[in-house]
Each structure stands twice: as C-alpha cells, then as structure tokens.
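Secondary and tertiary structure notes
As a plain string of letters, each chain reads:
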Amino acid sequence: MTKSAMPDPTLTLRGAALYRGWLVPEAQARLVAEVRAVVAAAPLFRPVTPSGRAMSVRMTSAGKLGWVSDRRGYRYEPRHPDGMVWPPVPETALGVWRALVDGGRDPDCCLVNFYEPEARMGMHQDRDEADFDWPVVSISLGDEALFRVGSTSRGGPTESAWLQSGDVIVLGGAARLAHHGVDRLRPGSSRLLRGPGRINLTMRVVT
Ligand SMILES: O=C(O)CCC(=O)C(=O)O
Ligand SMILES: [Mn+2]
C-alpha cells in the first residue's frame, strides 16, 4: 500500500525510512497546538505493561481507536481509560500520512507519546494491528531522540539515528515489523516545546 512514487528518504535505518525535517518549523508549531487540544480533550496517562511496570512515557491517542496497555494486555480501545471517546487526529499529522501513504485510507489511531527528559522506550514491534501491509508513520517534535531499529526477530544488528523535531519515520514493507525503540533524549536540544521533552505521534491503520 505504500506509494510507489514515495519520495526518497533522507536515509534508511535497516529499512525504516527517515525523512529529515519533513515538517518545517511553522508546521511543527501548528502540530504542537493541535496536540495540546488532543491532550486537553483526552489527558495523558501513564500506562503499565501487562507485567505491571509503569512506562516512562505518558500517552494518549486521537482517532477512532486508541492504544492502551494495562494488566489485561496491549490493545486498541474506542475510549480513553477515563471514558471519553478519542479526539480527531490532528490535521497536520493527517497531512503527513496522506503525503506518504497511498491506498486512500486514513489511520485509525494517532498515538501521542510524551517523553520527559529521562523517558525512553524499549525495543519492541508494533504488532497489535490486523494488517501489516499498512505502514506505521511516526512524527518527532521537540527534543532529539536516539532511535534504534533492528530486525523482525529479536536481537541481531541494529542501526540508530538522532531524530530531530520535524523528522518523520516510516516503518513499511520489510521493516513494518522491525524492532525499534528510543534509547534516550537530548534534553534541551529543541526550543519547540515550553520545556524539555519530546512528543512523538505514531499513526497506524488498526482494523
Ligand atoms: O517515540 C518514537 O519515536 C517511537 C514510538 C513507538 O515506537 C511507539 O509508540 O510504538
Ligand atoms: Mn513502536
């Protein structure tokens, strides 16, 4: 489903396409304002893993479905843990998806991850979706983050790059199920947000 005439990425990390500075600073600022509206409607929460460990990232979602994790497992839900439906996907994020993904379908979920300076995300696969032909499109805002990509199987070689504000990553094709994670932030490397930290928006087709 990925566009045949997809623009050339700046670089690839084990098949993951990195588009450096896809969003110009004005678009980044607009998207931050849109994310603030999402968080006002559906507050950030700190998920726990099925084994009961609190994640270091806080999150919320926009779209028809939101990704949640608790003692019952990882899954998508039509409502926030506090009961409200998820707000619409920010227009600026939808624009990124539509520019990079063919097939005439918008994402079902736009996960919003908020990283405080010490937050990280362990190596994992995005595999709670029904159809892996649709890519995952992920936008970085705020402080730089060291993003690592490995293979479909656990272990093995990895490649990493510092993601900057405005960068977009597409995990598609053979890299759709690649393990990936965020090792650490570079706090204070961006002035986009009011303080240190990073926002990541991850869009996926779920059903
Ligand atoms: O923060 C990132 O860049 C990656 C986030 C991610 O992999 C996820 O939410 O599944
Ligand atoms: Mn992921």
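Residues numbered from 1 in each chain as written. Chains lettered and ligands numbered in written order. Predicted model: local features only at pLDDT ≥ 70, side-chain atom pairs only at ≥ 80, totals over all residues.

**Comments concerning the overall build of the protein chain**
Rules: Numbering of helices and strands starts at the N terminus; helices are DSSP runs of H or I of at least 4 residues and strands are runs of E of at least 2. Throughout, radius of gyration means the C-alpha value; the globule benchmark is 2.2 Å times the number of residues raised to the power 0.38. Remark: C-beta atoms are placed from the backbone, and a residue is labelled buried if 20 or more other C-beta atoms sit within 10 Å of its own, exposed if 12 or fewer do, or partly exposed between those counts. By the convention adopted here, residues are in contact when the distance between their C-beta atoms, placed from the backbone, does not exceed 7 Å.
Within the protein chain, the regular secondary structure consists of 2 helices and 13 strands. Its C-alpha atoms give the protein chain a radius of gyration of 16 Å, near enough to 17 Å, the size a compact globule of 207 residues would have. A burial count over the protein chain gives 41% of its 207 residues as buried. In the protein chain, the proportion of contacts linking residues at least 24 apart, taken out of those at least 6 apart, comes to 75%.

**As for the sheet that holds strand 3 (residues 58-63)**
How we decide: A pair of strands is treated as paired once DSSP finds two or more bridges between them. Note on geometry: axes are lines fitted to C-alpha atoms, helical ones only across the stretch in contact, with angles between N-to-C directions running from 0 to 180 degrees.
Spatially, the 7 strands line up as an open sheet ordered 1-2-11-8-13-6-3, and their pairing is antiparallel. Of all the strands in the sheet, the pair left with one neighbour each is strand 1 (11-13) and strand 3. Going across the sheet, the axis of each strand differs from the next one's by a mean of 20 degrees, ignoring polarity. Packed on one face of the sheet, helix 2 (residues 91-100) meets strand 6 (109-115), strand 8 (136-142), strand 11 (168-171) and strand 13 (198-204) and runs near 140 degrees to strand 8.

**Overview of helix 2**
Since one α-helical turn is 3.6 residues long, residues separated by three or four positions face the same way. Applicable threshold: Here the arc refers to the directions that run from the helix axis out to each C-beta atom.
Among the residues making up helix 2, those that are buried are Ala-93, Val-96, Trp-97 and Leu-100. Buried residues along helix 2 cover an arc of 95 degrees about the axis, so they all sit on one side. Those residues of helix 2 hidden inside the fold are in contact with helix 1 (25-41), strand 6, strand 8, strand 11 and strand 13.

**Here we look at the site of ligand 1**
Just so we agree on the cut-off: Whether a residue is near a molecule or strand depends on its C-beta atom, placed from the backbone, lying within 6 Å of it. The classification used treats Ala, Val, Leu, Ile, Met, Phe, Trp, Tyr, Cys and Pro as nonpolar, Asp, Glu, Lys and Arg as charged, and all other residues, Gly among them, as polar.
Every residue near ligand 1 is listed here: Leu-111, Asn-113, Met-121, Asp-126, Ser-138, Ala-145, Phe-147, His-180, Val-182, Asn-200 and Thr-202. Elements with a contribution of two residues or more to the shell around ligand 1: strand 6, strand 9 (144-149), strand 12 (180-186) and strand 13. Residues of the shell around ligand 1, tallied by class, amount to 5 nonpolar, 5 polar and 1 charged.

**Side note on unusual backbone geometry**
Its identity is not glycine, yet Arg-14 carries a phi of approximately 45 degrees, on the positive side. Relative to the assigned elements, Arg-14 resides in the loop between strand 1 and strand 2 (16-19).

**Topic: the packing of helix 1 against helix 2**
How two helices sit against one another is set out by the angle between their axes and by the gap between those axes. Going by this rule: In these notes the angle categories are as follows: under 35 degrees is roughly parallel, over 145 is roughly antiparallel, 65 to 115 is roughly perpendicular, and the rest is oblique.
As a packed pair, helix 1 and helix 2 sit with axes 8 Å apart at the nearest point and diverge in direction by 125 degrees. Classified by the angle between their axes, helix 1 and helix 2 sit oblique to one another. Each of Ala-27, Arg-30, Leu-31 and Glu-34 in helix 1 lies in contact with helix 2, whose residues at this interface are Glu-91, Thr-92 and Ala-93. Class assignment for the residues of the contact of helix 1 with helix 2 results in 3 nonpolar, 1 polar and 3 charged.

**Points about the pairing of strand 11**
A regular strand carries its side chains on alternate faces of the sheet. Where burial is concerned, the two faces of strand 11 agree: the one with Val-168 and Val-170 and the one with Ile-169 and Leu-171 are both buried. For strand 8 and strand 11, the ladder comprises 4 bridges, and the chain directions are antiparallel. Its bridge partner lying in strand 11, Ser-138 is registered against Ile-169.

**Some details on the confidence of the model for the protein chain**
Do not read the fine detail of predicted coordinates wherever pLDDT is low. Here is the rule: The pLDDT value expresses, per residue, how confident the predictor is, ranging between 0 and 100.
Of all residues in the protein chain, 98% have pLDDT values of 70 or greater, and the mean over the chain is 96. Within the protein chain, no element has a lower average pLDDT than strand 7 (residues 121-124), which sits at 96, and none a higher one than strand 13, at 99.

**Quick look at the nonpolar core**
Under the convention used in this document: Each nonpolar core consists of buried Ala, Val, Leu, Ile, Met, Phe, Trp, Tyr and Cys residues. Their C-beta atoms, within 7 Å, join them into a set.
Of all hydrophobic cores here, the largest spans 51 residues; its most connected members are Ala-16, Ala-93, Val-96, Cys-110, Val-112, Val-137 and Ile-169. Other than its neighbours up to four places away in sequence, Val-137 contacts Val-96, Trp-97, Leu-100, Val-101, Val-168, Val-170 and Met-203.

**What to know about the sheet that holds strand 12**
In spatial order, the strands read 7-12-9-10; together these 4 strands make up an open sheet with antiparallel pairing. If you trace the sheet from one side to the other, it starts and ends with strand 7 and strand 10 (159-163), each paired once. Between one strand axis and the next, the sheet turns by 20 degrees as a mean value, whatever way the strands run. In this sheet, strand 12 lies alongside strand 7 in antiparallel orientation, the contact comprising 2 bridges. When the bridges of strand 12 are listed, His-124 appears paired with His-180.

**Quick word on helix 1**
Our working definition: In this scheme, a helix's expected span is set at 1.5 Å multiplied by one less than its residue total.
Under the 1.5 Å per step criterion, the end-to-end length of helix 1 is 25 Å for 17 residues, consistent within 8% with the ideal 24 Å. Taken residue by residue, helix 1 has Gln-28, Leu-31, Glu-34, Val-35 and Val-38 as its buried positions. The arc enclosing the buried residues of helix 1, seen along the axis, measures out at 125 degrees, which places them on a common side. Away from its buried face by more than 90 degrees, helix 1 exposes Pro-25, Glu-26, Ala-33 and Ala-40. Buried residues along helix 1 sit in contact with strand 3, helix 2, strand 6, strand 8 and strand 13.

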